[in-house]
Amino acid sequence: MKRLIAGLPFIAAVIFGGFFLWGLNPDRDPNEIPSVLISQPAPAFDLDPVPGLETPGLVRRDLVGNERPVVVNVFASWCVPCRAEHAVLTRFVEREGMRLFGINYKDKPEDAVKWLNDLGNPYERIGSDLSGRTGIEWGLSGVPETFIVDGDGTVLFRYVGPVVGPDAVERFTQALKQAGALPKGAAS
Amino acid sequence: MRQLIFAFCIGLFPFAANAVEPDEMLTDPVLEQRAREISKDLRCVVCQNQDIDSSNAGVARDLRLLVRERLVTGDSDAEVIAYIRARYGDYVLLKPPLEPATYALWFAPIAFVLIGVFVGGGVLMSRRKQEAFEDLGAEDENTVSEILRQNEAGDAS
């Protein structure tokens, strides 16, 4: 009994030390919110095309039944990091054969059209989410966010924030490869 | 005086007005009150650690509107919270639910208090036992009374 009491401070120190070690890990992002969507079916949604754009709109059906997993990117013309991410996504589409769908989040159609005309349009389909309601269905906390959706409609991966910079691109590439979202024999 | 109190109340008004904007509010005061209560238990996912009731973030506003919309369609408070929790996970709840994964969170404080009482009590009890009076042996008793007698004799002289 005495021995047990004498050992308590040591045990407490080990427990707290363990927590500090976990808490001080520089790779840990305390702001990261675990997504409930991972391994869950993508939410139901039905979005009209952006007026003034020839790209068709996006509904949940479009995400299902594709031979490879597809990528859904939530973007807006008012979102500055989206501009940087746009180049990265375009490269993935053009060079690696990634299939990209877009959700235009709370964006004025004319702004979105101008933005896509200026930067180019890598999206196969774009749904206009003016109310932001579809964003909530996806558990969105901000733009940009990027999801990989499997052929059966299951969400495989979620990336919060812009896929910009070597680390983010590396993580995203790994996820794409793991999901099998890139065609075999693609460049690089 | 009455005017002064009125002025004071008017002065308080800006603090009472939260992020909830007039155009969001429901006309039914009962529903609005329920919406406010629900909003206070939901975390804003952008400015974390702030509830959506007091947050100015766009998503928080959308969620407030959603809460009200659900209430108007006749959802109960629990149903509204379940609806949002299904999309954003346990993380949106400012009050974590009681379930196996959170047992440690809920019961650890109680467990620590119990451990503290147990250990502290044990230490105090054992110390008290040591202080208990023990009879001196006959030999010690003689020595003590001898010393006391000598002291008394010394004091008298």
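Use the structure listed above.
Residues numbered from 1 in each chain as written. Chains lettered and ligands numbered in written order. Predicted model: local features only at pLDDT ≥ 70, side-chain atom pairs only at ≥ 80, totals over all residues. Heavy atoms only, no water.

Some thoughts on the overall build of chain B
Each helix and strand counted, chain B has 6 helices and 0 strands in total. Going from the N terminus to the C terminus, chain B shows its helices and strands as α-α-α-α-α-α. Accessible area for chain B stands at about 11200 Å²; split by element, carbon and sulfur atoms hold 62% of it. (Helix = DSSP H or I, 4+ residues; strand = E, 2+ residues; numbered from the N terminus. Areas by Shrake-Rupley, 256 points an atom, 1.4 Å probe, with all protein chains shown as cover.)

Overview of the nonpolar core
Counting 69 residues, the largest nonpolar core has Leu63(A), Trp138(A) and Phe172(A) as the members making the most contacts within it. Considering each element in turn, this core owes the most residues, 6 residues, to helix α3 (residues 58–72) of chain B. (Core = buried A, V, L, I, M, F, W, Y, C linked by side-chain atoms within 4.5 Å. Buried < 20%, exposed > 50% of the residue type's maximum accessible area, 1.4 Å probe, protein only.)

A word on the state of the cysteines
All names here are of chain A. One pass over the structure, following the stated rule, counts 1 disulfide over all chains. What pairs with Cys79 in a disulfide is Cys82, and their sulfur atoms sit 2.1 Å apart. Judged by the sign of its S-S torsion, about 90 degrees, the bond between Cys79 and Cys82 is right-handed. Of the two residues, Cys79 and Cys82, both sit in the buried class. (Disulfide = S-S within 2.5 Å.)

Topic: the pattern of salt bridges
Residue and element names in this part refer to chain B. On inspection of all chains with the given rule, the structure shows 18 salt bridges over all chains. Residues Arg64 and Glu24 are paired through a salt bridge, measuring 2.7 Å at the closest nitrogen-oxygen approach. Of the two residues, Arg64 is situated in helix α3 and Glu24 in the loop between α1 (2–16) and α2 (29–40); the sequence distance between them amounts to 40 residues. Classification of Glu24 as buried rests on a relative accessible area of 3%. The shortest N-O distance in the salt bridge between Asp53 and Arg36 comes to 2.9 Å. Of the two residues, Asp53 sits in the loop between α2 and α3 while Arg36 sits in helix α2, which places them 17 residues apart along the sequence. Comparing Asp53 with Arg36, the two get one shared label, buried. A single network of salt bridges, built from pairs that share partners, joins Glu21, Asp23, Glu24, Arg61 and Arg64. (Salt bridge = Lys/Arg side-chain N within 4 Å of Asp/Glu carboxyl O.)

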